Structures are given as C-alpha cells and as structure tokens.
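Each chain, letter by letter, is given below.
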Amino acid sequence: MGAHRKGPARAGRGDGDAPARSGRDRSDGGVPARSGRDRYFDTLRALALVRVVAYHAFGWPWAGLVFPSMGVMFGLAGTLMARSLQRPAAAVVRGRLRRLLPPFWCWGLFVVGAMLVRGWMPGWQIVYWVVPLGDPPGSAWGEQAWEILWYLRTYLWFVLLSPLLLRVFRLAPVPVLLLALAPIAAFQFLWQPPENRFGTGLLDLATYLFCWVLGFAHRDGVLARLKPAAVVVLSFAALACGAWYACAHRAEYGTYDLDDIPFAQAFWSAGFVTLLMYSKARLGVDFSGLARLRRLDRLVGVFNARAVTVYLWHELALVLAVPLIDRCWDVPAFEAYLPLGSQWFLLAVGWVLIAGFVLLFGWVEDVAARRRPRLLP
C-alpha cells in the first residue's frame, strides 16, 4: 500500500541516532507432512517473510512482481481460517486474538516506550495499541517500526469478518470469488476512500479480499474443481492487468512498486496466488522432499512457528543494524575487511538481530498459543 512503503535502510557512517528510512494451524489440501504441517504452504510463508525483510532492506520496486508476499500471506491465512471455522465462530475469533495480541503487546511495549522517551505525546488513539482495529498512532521518529502494523490491522479485520464472509462465499462460491475484486475496482474508479484510518482500512481490505476468499476456495475444494484452462487464462489476465496498470501509471505514482499502487497489487496478487494455490489443489504439489533436507526443513519450521515475531521485529532489527554498523567504522580492521557500506551486509546484520529477537521474544507466541515456551520450536 502506498502509505506503507518506505525507502530501504541505509548502512554507512552517520550519527547512529535517527532511524534509517525504509518499508498452528495445519493447511489442508494434499497429503499432510510427517510433522502434521503442509510443507508447501509453510515454505510459501517462509519465503514471504524473507522477501518482506529483503524488501525493507533494499526497497526493490520489482520485489512485489517477483513474489507478492502479502497476497500470499493473506491467501494462506484465509485457508487456515476456513478450516478453523468448522468450530464455533466465537471460539475461533477468540483463539486468533489470543494468538495475535500477546506478541503484539510485547513488541509494542518497546516501540511505545521508546517513542515516549523521545517526547511523543499520544492522544486517545493509543487504544489502538491495545487492539489494532485501526492504525496505532506513533511519532515520526518511530515510523519505520510501526508502519508495518497495517498488516496486523487488516488481518484482524479479516478474522472478524470471516464468519460472515465464509457464509456468503458458500452460497455462491465462484461468483463471490470473482466479485471479490470488485471493491478495489470501485475504489479505484468510482469512489476514493478518505485518507484516514477508516479509508486506509477499507482500501487494504479491498486490496487483499480476493486472496483471503481464495483461501476459502482452496479449503472447500472449490479451486480444485475448476477447469485448468479457465484458471490459467483468468490468472494470467489478472497478472497482465496488474502489471499493465502499474507500468502505465508509473509517472502518476512515481514508481511501479505494487505496494504503492493498490489496484495493481490486488490484480497481480490475485493472479499470482491463484496459480500457487491451484498448483497445490489440482497438482498436489506438497514439497514432501523438503523433509530430506533436514536443516532447511527445520528453518522453514522455525519461520512458521515464529512468523509473528519475525514480522513484528524485523524493521526494528534493520533500524538497529544501522548504528551498529556505524560503530564498526571506528574499528580499523572492520573498516578494512568488512563490507560496511553494503546493503547486503546490513541485511546480514539485520538477520542476526532478528534471530536474537526470536530467541528473546519468540516464546511469547508459544504462551499465546498455550504451548510450552521454548527458545526455538
């Protein structure tokens, strides 16, 4: 989303004070893995997180075209939500809130505390730091840390709306799926939502509505029953529409970055995620061979068990990597032998810090899920 993207963090010599600027449930459908998880979906989720971190480190405008991470994550979440709603809706929603909010509160204590120390004066909107039904407020100094919360806010609203959405979807699955792209088209060409919390929330929901409902279609077997020719043609049509709009309006938006162009993001994500999920539903792609690569399989498992922690803390890790690298310039050996000015080095330091945050705070996800706390799952 345009309001969410920032430039990449920059490594280099500086004062190290101001932050750099930038941006279990099992899945069904296919043979379950030995661990009871779906390795295909787990791998997609891990790749989405890696791409998000890399994007916020480098600011590559083409990253969303290569792999639309947020569309993938909403599609996978929609599948899991449809599966969970076999149980009473109220219990499912409570469970999702219980899993999401404690890691958010843990992270928020540090972010809000740092902003308060630096003179931030919050208003009544600070209640959104308790339950992010709207974008939590924050200072300009801490923007790189809190700007990512649009995803949690959008996810939370999809969770709350899912009992109704799923019921509507099951009345007419294919028409509802196709019409899920109508809201973003209406917002683009008929009515522009206001530039406030309400309008931003509506725009984000419209952008990723198709991906969420597509998750329903996968879970209910609707996607697997569709004819390959129709799926492929419509998917490539959506991809073409998204790519064309992004490139044709590059001058208007100043970029072809999908995060800045909701209409293009919606259609590109729709086509891309449909092909990924159809491959799973129709062809039975399951990445079962990943089990033979023990270390990689283990890494994918850790990413999935700590997905909220990685997402929340990754921007702070990139922010902290900048002053840390700045201090390295004062050590002659480091200056001589380490690529301190490289963004790749910043990304590497960022991942080291992310790993530290996972060890320090990842256990909160275990507590939230009512599991025994562990340093690593």
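Counting of residues starts from 1 at the beginning of each chain's written sequence and follows it residue by residue. It should be noted that, the model being predicted, local features are given only for residues of pLDDT at least 70 and side-chain atom pairs only at 80 or more, the latter also being counted only at that level, while totals for whole chains, interfaces and linings use all residues. By convention in this description, side-chain values take in all heavy atoms of the structure and omit both hydrogens and water.

*Asks:* Explanation requested: a nonpolar patch on the surface in the structure shown.
*Replies:* Side chains of Leu133, Trp157, Leu160 and Leu161 sit close together on the surface and give an oily, nonpolar patch of about 300 Å² of accessible area. Its place among the elements puts Leu160 in helix α6 (residues 150–171). Only residues above 30% relative accessible area that lack a salt bridge enter a patch, with like-charged residues linked at up to 9 Å and the nonpolar side chains Val, Leu, Ile, Met, Phe, Trp and Tyr linked at up to 5 Å. Each accessible area is a Shrake-Rupley result for a 1.4 Å probe, and residues are judged covered by the shown protein chains and nothing else. Salt bridge, as used here, is a side-chain nitrogen of Lys or Arg placed within 4 Å of a carboxyl oxygen of Asp or Glu. The helix count covers DSSP runs of H or I at least four residues long, the strand count covers runs of E at least two residues long, and both are numbered beginning at the N terminus.

*Asks:* Can you walk me through helix α1 (residues 39–58) in this structure?
*Replies:* Given 3.6 residues to a turn, an α-helix orients residues that are three or four positions apart in the same direction. Between its first and last C-alpha atoms α1 spans 28 Å; for 20 residues at 1.5 Å apiece the expected length is 28 Å, and the two agree. Relative accessible area decides the class of each residue, using a 1.4 Å probe on protein chains only: under 20% of the type maximum gives buried, over 50% gives exposed, and in between gives partly exposed. The buried fraction of α1 is high, at 18 of 20 residues. The opening residue of α1 is Asp38, an N-cap whose side-chain oxygen sits 3.0 Å from the backbone nitrogen of Tyr40. Downstream of α1 by one or two residues, Gly59 has phi in the positive range, about 70°. In this analysis, the expected span of each helix is defined as 1.5 Å times one less than the number of residues it contains. In the analysis that follows, any N or O atom pair within 3.5 Å is treated as a polar contact, provided that within protein one partner can donate a hydrogen and the other can accept it, and provided that, for residues neighboring in sequence, both atoms belong to side chains.

*Asks:* Explain the environment of Ile126 to me, please; I cannot follow it from the model alone.
*Replies:* Positionally, Ile126 belongs in the loop between α4 (89–117) and α5 (143–146). Accessibility expressed as a relative area gives 31% for Ile126, which makes it partly exposed. Sequence separation of Ile126 and Gly254 is 128 residues, and the distance between their C-alpha atoms is 33 Å.

*Asks:* Sorry, what's going on with helix α15 (residues 307–328) here?
*Replies:* The end-to-end C-alpha separation of α15 is 30 Å, in line with the 32 Å expected for 22 residues at 1.5 Å each. Two axes enter the definition of the bend at a residue: one is fitted to the seven residues ending there, the other to the seven starting there, and the bend is the angle between them. Remark: the principal bend of α15, roughly 40°, maps to Trp313. With 18 of 22 residues buried, α15 lies mostly within the body of the structure.

*Asks:* Is there a simple way to think about the packing of aromatic side chains in this case?
*Replies:* Two numbers describe a pair of aromatic rings. These are the distance of the centres and the angle of the planes. Think of it this way: a Phe, Tyr or Trp ring, Trp meaning its six-membered ring, pairs with another when their centres are within 6.5 Å, and the plane angle makes it stacked under 30 degrees, edge-to-face over 60, tilted otherwise. Tallying each qualifying case throughout the model produces 35 aromatic pairs. Between the aromatic rings of Phe74 and Phe158, the centroid separation amounts to 5.6 Å while the plane-to-plane angle is 70°, which identifies the pairing as edge-to-face. Placement of the pair is Phe74 in helix α3 (residues 69–84) and Phe158 in helix α6, with a sequence separation of 84 residues. Neither residue differs from the other here; Phe74 and Phe158 are each classed as buried. Ring pairs connect the aromatic residues Phe74, Trp150, Tyr151, Tyr155, Phe158, Tyr208, Trp212 and Tyr311, which therefore count as one cluster. Ring-over charges, as used throughout, are those where CZ of Arg or NZ of Lys falls within 6 Å of the ring centre and within 35 degrees of the ring normal. The ring of Tyr55 carries Arg51 above its face, with NZ or CZ at 5.5 Å from the centroid.

*Asks:* Which parts of the structure should I look at to understand the confidence of the model for the protein?
*Replies:* Interpretation of this model should avoid reading the predicted coordinates in detail wherever pLDDT is low. Scored by pLDDT, the protein has a mean of 89; 90% of the residues are at 70 or more. This stretch, residues 1–7, has a pLDDT under 50; its non-local contacts, to residues over four places away or in other chains, come to 32 contacts. Residue-level confidence of the predictor is summarised by pLDDT, bounded by 0 at the bottom and 100 at the top. Two residues form a contact once any of their heavy atoms are found within 4.5 Å. Confidence drops under pLDDT 50 across residues 10–35; counting only partners more than four residues distant or on other chains, this segment forms 89 contacts.

*Asks:* How should I be thinking about the pattern of salt bridges in this particular structure?
*Replies:* When charged atoms on two side chains of opposite charge get close, those side chains can pair. Scanning the model with the defined rule gives nine salt bridges in all. Its salt-bridge partner being Asp135, residue Arg153 comes within 2.8 Å of it at the nearest N-O pair. Here the residue Arg153 occupies a position in helix α6, and Asp135 occupies one in the loop between α4 and α5, the gap between them amounting to 18 residues. Asp366 is the partner of Arg306 in a salt bridge, and the nearest nitrogen-oxygen pair spans 2.7 Å. Taken together, the residues span a long stretch of sequence, with Arg306 in the loop between α14 (294–305) and α15 and Asp366 in helix α18 (residues 363–368) at a distance of 60 residues. Just as Arg306 is buried, Asp366 falls in that class too.

*Asks:* Even after reading the chapter, I still don't get the side chain of Thr154, so can you show me in this structure?
*Replies:* With respect to the element layout, Thr154 can be found in helix α6. At 2.8 Å, the side chain of Thr154 and the backbone oxygen of Trp150 are in polar contact.

*Asks:* Looking at this structure, how should I read the side chain of Glu365?
*Replies:* Structurally, Glu365 is set in helix α18. Only four residue types enter the tally: Lys and Arg on the positive side, Asp and Glu on the negative side, with His and both chain ends excluded. Despite its burial, Glu365 pairs with no opposite charge; the closest candidate is Arg306, at 5.2 Å N-O. A distance of 2.6 Å separates polar atoms of two side chains, one belonging to Glu365 and the other to Thr309. Among all residues touching Glu365, those that are not within four sequence positions of it are Pro103, Ala305, Arg306, Ala307, Val308, Thr309 and Arg371.

*Asks:* Would you mind going over the nonpolar core with me for this structure?
*Replies:* What tends to happen in soluble globular proteins is that the nonpolar side chains get buried as a cluster. Residues belong to a common nonpolar core when they are buried Ala, Val, Leu, Ile, Met, Phe, Trp, Tyr or Cys residues joined through side-chain atoms within 4.5 Å. Among the nonpolar cores identified, the biggest contains 107 residues, and Met70, Phe74, Trp107, Trp129, Tyr151, Trp212 and Tyr311 are the most heavily contacted of them. With residues up to four places along the chain from it excluded, the contact list for Trp129 reads Phe104, Trp105, Trp107, Gly108, Val111, Val112, Met115, Trp120, Pro136, Pro137, Trp146 and Leu149.

*Asks:* Please clarify how the packing of helix α11 (residues 228–248) against helix α13 (residues 262–283) should be interpreted in this entry.
*Replies:* Two numbers describe a pair of packed helices, the interaxial angle and the distance between the axes. Comment: axis = line fitted to C-alpha atoms, over the contacting stretch for helices; angle = value between 0 and 180 degrees taken between N-to-C directions. α13 packs onto α11 with a crossing angle of 155° between their chain directions and a minimal axis gap of 7 Å. Here α13 runs roughly antiparallel to α11, going by the angle between their axes. Classified by chirality, the crossing of α13 by α11 is left-handed. Facing Pro228, Val231, Ser235, Phe236, Ala238, Leu239, Cys241, Gly242, Ala243, Tyr245 and Ala246 of α11, the residues of α13 in contact are Phe263, Ala264, Phe267, Trp268, Gly271, Phe272, Thr274, Leu275, Tyr278 and Arg282. Here is the rule for angles: anything less than 35 degrees is roughly parallel, anything more than 145 is roughly antiparallel, 65 through 115 is roughly perpendicular, and the remaining ranges are oblique. Crossing handedness is defined as follows: a turn of the near helix away from the far one that is anticlockwise and smaller than a right angle gives a left-handed crossing, while the clockwise case is right-handed.

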